[in-house]
Amino acid sequence: MGKFIRIGIVGTVGLPACYGGFETLAQNLVKQLSNKYDLTVYCSGKKYPSKNRLTYFNGAKLRYLPLKANGVQSILYDLISMIHAMFTQDLILVLGVSGCAFIPVLKFFTRKKFLVNIDGLEWRRDKWRPWVQSFLKFSEAMAVKYADGVVADNQAIRDYVMEEYGVDAHLASYGGDQAQREPIELETISQYPFLKGRYFFKVCRIEPENNVEMILEGFARYPKYPFVLVGNWNHSEFGRKLKQTYEGYNHIYLYDPIYDPKTLGMLRSNAWVYIHGHSAGGTNPSLVEAMNLNLPILAYDVNYNRETTEGKGIYFGDAFQLFSKLQELNEPARQELGRKMGEIAKRRYTWKVISEQYDVMFGLYKIGNYEKETISLDNQPSLVEPVVMG
């Protein structure tokens, strides 16, 4: 095996990161751990044209497949990646469960280890048709039952895995310290006039499970400060109707996706308060990024969000509760809320911390003493501290 354990990372669109949370996770694991492990990241050739492809990125090998990493093709994409990794790697880190329905079959042909990050219970998302939800639930079950280890990104997900399957998952979330505060540029104020004062901010996919309609209804009643929401409004009829309904409010600003990181960072990092409406999934990357920016958080009241913020945020369950919380918020409370969110983020949601958690997991395979049902990481070094509900 040589000096380094060989680890294949499967399930991302690829590197350099240009898509979402798993890609950012892979990029930072490579950045932090490529000096300790021989890393290979599988990438979508559809996303990275031949002329722009890299062979290596931050010390990790990149391998390309002529398939899309998302949608229906993601199943075949993950499967082929895992098969290739079976012959070339010592450990296979699978991000997401799309292709995990095949792990029981693959395990007949290899003794290589599989470690699966099951994401945020993808099968529960409202956007999927019933047959897709059923397949994803089956894939999740196969991942938990047959993989050598399971990673949960949130304590609530870890609790679910124990209750549903009787397996103690590893706990490792996401870092958010790549988010940097961007100063307001004077020439930008004419395009975004709300930058001159206090405003609330949210960025997300426009989907029912992100409670966009509830949040807009709450802010429609609260014209004291502007509310800014950036999202893919034209992606669905749901989004188009919402935009048509609320774009007439003078204090509500609805923007299509902003692809310039500096501009988006400026709008987010200078917000008075960040609004988080996600109700599905586990630890959301956009939430921990906002926390790393010391932004006060008003979050939808669901166990995932309470776990992420250690119960120290402000929570709402419907449009009227959101309106009430907005009315109650004052400057001293806002500053204290931002301080708490920043303290939690620096302690739990930096890429150094997250990479150390994965390093501990990888090390269990390296020394060859891992047993899924009996090994718990609670007392291992560099793991997140137990969540204290406030």
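Up top is the structure.
What counts, and at which threshold
Residues numbered from 1 in each chain as written. Predicted model: local features only at pLDDT ≥ 70, side-chain atom pairs only at ≥ 80, totals over all residues. Heavy atoms only, no water. Helix = DSSP H or I, 4+ residues; strand = E, 2+ residues; numbered from the N terminus. Rg over C-alpha atoms; globule rule 2.2 N^0.38 Å. Buried < 20%, exposed > 50% of the residue type's maximum accessible area, 1.4 Å probe, protein only. Lys, Arg positive; Asp, Glu negative; His and termini not counted. Charge placed at Lys NZ, Arg CZ, Asp CG, Glu CD. Pairing = 2+ DSSP bridges. Contact = heavy atoms within 4.5 Å. Axes fitted to C-alpha atoms, helices over the stretch in contact; angles between N-to-C directions. Phe/Tyr/Trp six-rings, centres within 6.5 Å; stacked < 30°, edge-to-face > 60°. Lys NZ or Arg CZ within 6 Å of the ring centre and 35° of its normal. Salt bridge = Lys/Arg side-chain N within 4 Å of Asp/Glu carboxyl O. Polar contact = N/O pair within 3.5 Å; in protein donor to acceptor, adjacent residues only side chain to side chain. Core = buried A, V, L, I, M, F, W, Y, C linked by side-chain atoms within 4.5 Å.

Notes on the overall build of the protein
Counting its secondary structure elements, the protein contains 14 helices and 14 strands. A globule of 390 residues ought to have a C-alpha radius of gyration of about 21 Å, and the protein, at 21 Å, matches this closely. Along the longest, intermediate and shortest principal axes, the C-alpha atoms of the protein span 60 × 45 × 40 Å. The buried share of the protein, taken over its 390 residues, is 57%. Both charge centroids of the protein, one from 46 positive and one from 41 negative side chains, sit 5 Å from each other.

Structural notes on the sheet that holds strand E7 (residues 149-152)
On the basis of which strands lie adjacent, the open sheet formed by eight strands has the order E3-E4-E2-E1-E5-E6-E7-E8 and mixed pairing. Each edge of the open sheet carries a strand with a single partner, namely strand E3 (56-57) and strand E8 (170-171). In terms of strand pairing, strand E5 (residues 91-95) meets strand E6 (residues 113-117) through five bridges, oriented parallel. The residue of E6 that forms the bridge with Leu93 is Leu115. Here helix H2 (residues 73-88) sits on the sheet and contacts strand E1 (6-10), strand E2 (38-44), strand E4 (60-65), E5 and E6; the angle it forms with E2, its principal contact strand, is near 155 degrees.

Looking at unusual backbone geometry
For the bond running from Leu15 to Pro16, omega is 0 degrees, close enough to zero to count as cis. Structurally, Pro16 can be placed in the loop between E1 and helix H1 (21-33). Phi angles above zero are rare outside glycine, and Asn211 is one such case at about 55 degrees. With respect to the element layout, Asn211 can be found in the loop between strand E9 (200-203) and helix H7 (212-220). A positive phi angle, near 55 degrees, is found at Glu310, a position not held by glycine. Along the chain, the position of Glu310 falls in the loop between helix H11 (303-308) and strand E14 (314-316).

Overview of the packing of aromatic side chains
Here the structure, examined in full by the defined rule, presents 19 aromatic pairs. Where Phe201 meets Tyr274, the ring centres are 6.4 Å apart and the plane angle is 45 degrees; that geometry is what we call tilted. On the criterion of sequence distance, the pair formed by Phe201 in strand E9 and Tyr274 in strand E12 (residues 273-276) is long-range, its members being 73 residues apart. Given a relative accessible area of 0%, Phe201 falls into the buried group. On the basis of relative accessibility, which here comes to 0%, the residue Tyr274 falls in the buried class. An angle of 25 degrees between the planes, with centres 5.7 Å apart, marks the rings of Tyr246 and Tyr249 as stacked. Judged by relative accessible area, which is 10%, Tyr246 ranks as buried. Its relative accessible area of 34% is what places Tyr249 among the partly exposed residues. Put simply, the rings of Phe200, Phe219, Tyr222, Tyr225, Phe227 and Trp272 touch in pairs and so form one group of aromatic residues. Sitting over the ring of Tyr64, Arg53 keeps its end group 4.8 Å from the ring centre.

A word on the pattern of salt bridges
Tallying each qualifying case throughout the model produces 21 salt bridges. For Arg240, the salt bridge is made with Glu237, and the minimal N-O distance between the two is 3.3 Å. Here Glu237 and Arg240 lie together in helix H8 (residues 237-246), a separation of three residues that amounts to about one turn. Arg240 sits in the partly exposed class, given a relative accessible area of 37%. We classify Glu237 as partly exposed; its relative accessible area is 42%. Among the salt bridges present, the one from Glu310 reaches Lys312, with a minimum N-O distance of 3.8 Å. Take Lys312: its relative accessible area is 31%, and that puts it in the partly exposed class. Each of the salt bridges in this network shares a partner with another, and the network as a whole consists of Glu310, Lys312, Glu343, Arg347 and Arg348.

Here we look at the environment of Asp260
Relative to the helices and strands, Asp260 is located in the loop between strand E11 (252-255) and helix H9 (261-269). Asp260 sits in the partly exposed class, given a relative accessible area of 39%. Within the structure, the side chain of Asp260 is placed 2.6 Å from the side chain of Thr263, a separation counted as a polar contact.

Observations regarding the nonpolar core
Residues Phe200, Leu216 and Tyr358 are the most contacted members of the largest nonpolar core, which totals 124 residues. Each residue touching Tyr358, except ones within four places of it in the same chain, is listed here: Leu25, Leu29, Leu33, Leu93, Asn117, Val151 and Ala172.

Re the sheet that holds E12
In spatial order, the strands read E11-E10-E9-E12-E13-E14; together these six strands make up an open sheet with parallel pairing. Each of the sheet's edge strands pairs with one partner strand only, and the pair in question is E11 and E14. Sheet twist, expressed as the average angle between the axes of neighbouring strands with direction ignored, equals 20 degrees. Strand direction decides the pairing type here: E9 and strand E10 (residues 227-230), joined by four bridges, are parallel. Within the sheet, the bridge partner assigned to Phe201 lies in E10 and is Val228. Strand contacts of helix H12 (residues 319-328): E9, strand E13 (297-300) and E14, with the helix running at about 150 degrees to E14, the strand carrying the most contacts.

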